[in-house]
Amino acid sequence: MTEFISNNIDETRQWAQQFAKTLNAPCVVALHGNLGMGKSEIARTIIQTLQGKDTVVPSPTFTIVQAYNGISHFDLYRIEDVAELTEIGLGDAIENDITLIEWPEIAENMLPDNTIHVFIDEFGDGRKILVKNL
């Protein structure tokens, strides 16, 4: 388990850049946190670190999934039925890609044992980022 205190978005991005360099497919990163905690920004930074800083990374809030050469970014906020997870290709992504999942709670039973859980919480004016494998 590791913990990082971020005082601003630039520190969060720097942390995410270093974290990205530790990821190798296949792996799953479950991003936990309330609205506005920075889940999408961490995912965007990971993707841009691994795919190139000019990579356009829109939030998958409405599309649910965005795919980038070997990286899949899911936002499960609007998923209501676990059966939809198979339809959107989550199982295939888990088996093959670096898979970033925002709002992973509905997919709990699909996540592999070695999933990396990133918990983001408010901490003063910044954020506390806690990384652990459960």
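Cut-offs and rules
- Residues numbered from 1 in each chain as written.
- Predicted model: local features only at pLDDT ≥ 70, side-chain atom pairs only at ≥ 80, totals over all residues.
- Heavy atoms only, no water.
- Helix = DSSP H or I, 4+ residues; strand = E, 2+ residues; numbered from the N terminus.
- Rg over C-alpha atoms; globule rule 2.2 N^0.38 Å.
- Buried < 20%, exposed > 50% of the residue type's maximum accessible area, 1.4 Å probe, protein only.
- Areas by Shrake-Rupley, 256 points an atom, 1.4 Å probe, with all protein chains shown as cover.
- Lys, Arg positive; Asp, Glu negative; His and termini not counted.
- Charge placed at Lys NZ, Arg CZ, Asp CG, Glu CD.
- Expected span 1.5 Å × (residues − 1).
- Arc of directions from axis to C-beta.
- Contact = heavy atoms within 4.5 Å.
- Polar contact = N/O pair within 3.5 Å; in protein donor to acceptor, adjacent residues only side chain to side chain.
- Pairing = 2+ DSSP bridges.
- Phe/Tyr/Trp six-rings, centres within 6.5 Å; stacked < 30°, edge-to-face > 60°.
- Salt bridge = Lys/Arg side-chain N within 4 Å of Asp/Glu carboxyl O.

With respect to the overall build of the chain
And step 1. What the chain contains, in helices and strands, is 4 helices and 7 strands.
And step 2. Beginning at the N terminus, the succession of helices and strands in the chain can be written as β-α-β-α-β-β-α-α-β-β-β.
And step 3. Relative to the 2.2 N^0.38 estimate, which gives 14 Å for 134 residues, the radius of gyration of the chain is 14 Å and therefore close to what a compact globule would have.
And step 4. C-alpha atoms of the chain, sized along the principal axes, occupy 40 × 30 × 25 Å.
And step 5. Counting over 134 residues, the chain shows a buried share of 45%.
And step 6. As presented, the chain carries roughly 7300 Å² of accessible surface, and 47% of it is formed by carbon and sulfur atoms.
And step 7. Here the chain contributes 9 positive and 20 negative side-chain charges, whose respective centroids are spaced 9 Å apart.

Thoughts on helix α1 (residues 9–20)
And step 1. The terminal C-alpha atoms of α1 lie 16 Å apart, and with 12 residues this matches the ideal 16 Å at 1.5 Å per residue to within 8%.
And step 2. Taken together, the buried positions of α1 are Thr12, Trp15, Ala16, Phe19 and Ala20. Axial view of α1: buried residues confined to an arc of 135 degrees, hence all on one face.
And step 3. For α1, the secondary structure elements touched by its buried residues are β1 (2–6), β2 (27–32), α2 (39–51), β6 (116–123) and β7 (126–133).
And step 4. Sitting at the head of α1, asparagine 8 places a side-chain oxygen 3.0 Å from the backbone nitrogen of aspartate 10.

Quick notes on the pairing of strand β5 (residues 98–102)
And step 1. By the criterion of burial, β5 is predominantly enclosed, with 5 of the 5 residues buried.
And step 2. Burial along β5 is two-sided: Ile98, Leu100 and Glu102 and Thr99 and Ile101, pointing in opposite directions, are all buried.
And step 3. Across 5 bridges, β2 lies against β5 in parallel orientation. Note on β5: the bridge partner recorded for cysteine 27 is isoleucine 98.

Some remarks on the side chain of lysine 39
And step 1. Mapped onto the secondary structure, lysine 39 falls in helix α2.
And step 2. Engagement of the side chain of lysine 39 in a polar contact is seen with the backbone oxygen of glycine 33, the distance being 2.9 Å.
And step 3. A polar contact is formed between the side chain of lysine 39 and the backbone oxygen of asparagine 34, at a distance of 3.0 Å.

Topic: the packing of aromatic side chains
Think of a pair of aromatic rings as described by two things: how far the centres are apart, and how the planes are tilted against each other in angle.
And step 1. With the rule as written, the count across this model stands at 2 aromatic pairs.
And step 2. Ring geometry for tyrosine 77 versus tryptophan 103: centroids 4.9 Å apart, planes at 55 degrees, classification tilted. Taken together, the residues span a long stretch of sequence, with tyrosine 77 in the loop between β4 (71–75) and α3 (83–87) and tryptophan 103 in the loop between β5 and β6 at a distance of 26 residues.

Details of the side chain of glutamate 102
And step 1. Summarising the element assignment, glutamate 102 is placed in strand β5.
And step 2. Buried and unpaired, glutamate 102 has no salt bridge, with lysine 39 as the nearest side chain of opposite charge at 5.0 Å.
And step 3. At 2.9 Å, the side chain of glutamate 102 and the side chain of serine 40 are in polar contact.
And step 4. If sequence neighbours within four positions are ignored, glutamate 102 has contacts with Leu31, Lys39, Ser40, Ala43, Pro60, His73, Phe74, Asp75 and Leu76.

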